[in-house]
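# A look at the structure
Residue strings, one per chain:
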Amino acid sequence: MRCAWNRSTVRGWIVTGLMLGLAGMWLADRAESQPAPRVAASGVFSVLKARQSLAVREVAGRYELSLMPDIDTLSHEVVEVGADYIVVRDTGDVAQLRIPIYSIKAVITQQGSR
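Parameters and conventions
Residues numbered from 1 in each chain as written. Predicted model: local features only at pLDDT ≥ 70, side-chain atom pairs only at ≥ 80, totals over all residues. Heavy atoms only, no water. Helix = DSSP H or I, 4+ residues; strand = E, 2+ residues; numbered from the N terminus. Buried < 20%, exposed > 50% of the residue type's maximum accessible area, 1.4 Å probe, protein only. Contact = heavy atoms within 4.5 Å. Areas by Shrake-Rupley, 256 points an atom, 1.4 Å probe, with all protein chains shown as cover. Salt bridge = Lys/Arg side-chain N within 4 Å of Asp/Glu carboxyl O. Patch = residues over 30% accessible without salt bridge, like charges linked within 9 Å, V, L, I, M, F, W, Y side chains within 5 Å. Pairing = 2+ DSSP bridges.

### Section: the overall build of the protein
Helices and strands together make up the secondary structure of the protein, namely one helix and six strands. For the protein, the N- to C-terminal ordering of α and β elements is α-β-β-β-β-β-β. When the 114 residues of the protein are sorted by exposure, 19% land in the buried category. Nonlocal contacts in the protein, meaning residues at least 24 apart in sequence, comprise 43% of its contacts between residues at least 6 apart. In the structure as shown, the protein presents an accessible area of about 9,100 Å², 56% of it carried by carbon and sulfur atoms.

Listed below in structure tokens is the structure:
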């Protein structure tokens, strides 16, 4: 009994598969190269900005971040604010600390003097 597939049919399927694979890779690359839409700051880090001075205190394995507008220099400075982490540097410029959001106990903002 003879097979219904001949060489030209197999070649056609191979070429079609390669073309579909290349088109899929091109579309995937194009989708990844698009910049992510900028989301307005919200959540626990919405009050934090780069180069902002703050106090960092560890309480029971979690961190409290305190902002005090009346005091110019506190123990740490914000280096970077990510969606789920914050990077702070101590004022002596000795070390940086990357704190994931699940390690934040509170972000405390104190109002200016009245």
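### Focus: the side chain of Glu 64
Topologically, Glu 64 is positioned in strand β2 (residues 62-67). Glu 64 sits in the buried class, given a relative accessible area of 12%. Leaving out residues up to four positions away in the same chain, Glu 64 has contacts with Ala 55, Val 56, Arg 57, Val 59, Lys 105, Ala 106 and Ile 108.

### A word on the pattern of salt bridges
Applying the stated criterion across every chain yields a total of three salt bridges. Where Arg 57 meets Glu 64, a salt bridge forms, and the shortest distance between an N and an O atom there is 2.8 Å. Across the pair Arg 89 and Glu 77 runs a salt bridge, and its minimum N-O distance is 3.1 Å. You can see Arg 89 sitting in strand β4 (residues 85-90) and its partner Glu 77 sitting in strand β3 (residues 76-81), a full 12 residues away along the chain. One continuous salt-bridge network, built from bridges that share partners, spans Arg 57, Glu 64 and Lys 105.

### A closer look at a nonpolar patch on the surface
A cluster of nonpolar side chains, namely Val 15, Met 19, Leu 22 and Met 25, defines an oily patch on the protein surface of about 430 Å² accessible area. With respect to the helices, strands and loops of the structure, Leu 22 is situated in helix α1 (residues 7-33).

### Examining the pairing of strand β1 (residues 53-59)
In terms of strand pairing, β1 meets β3 through two bridges, oriented antiparallel. Paired with Ser 53 across the two strands is Glu 77, which belongs to β3. For β1 and β2, the ladder comprises five bridges, and the chain directions are antiparallel. Among the inter-strand pairings, Ala 55 is bridged to a residue of β2, identified as Ser 66. Count of turn residues in the β1/β2 antiparallel hairpin: two residues, of which Ala 60 carries a positive phi of about 55°.

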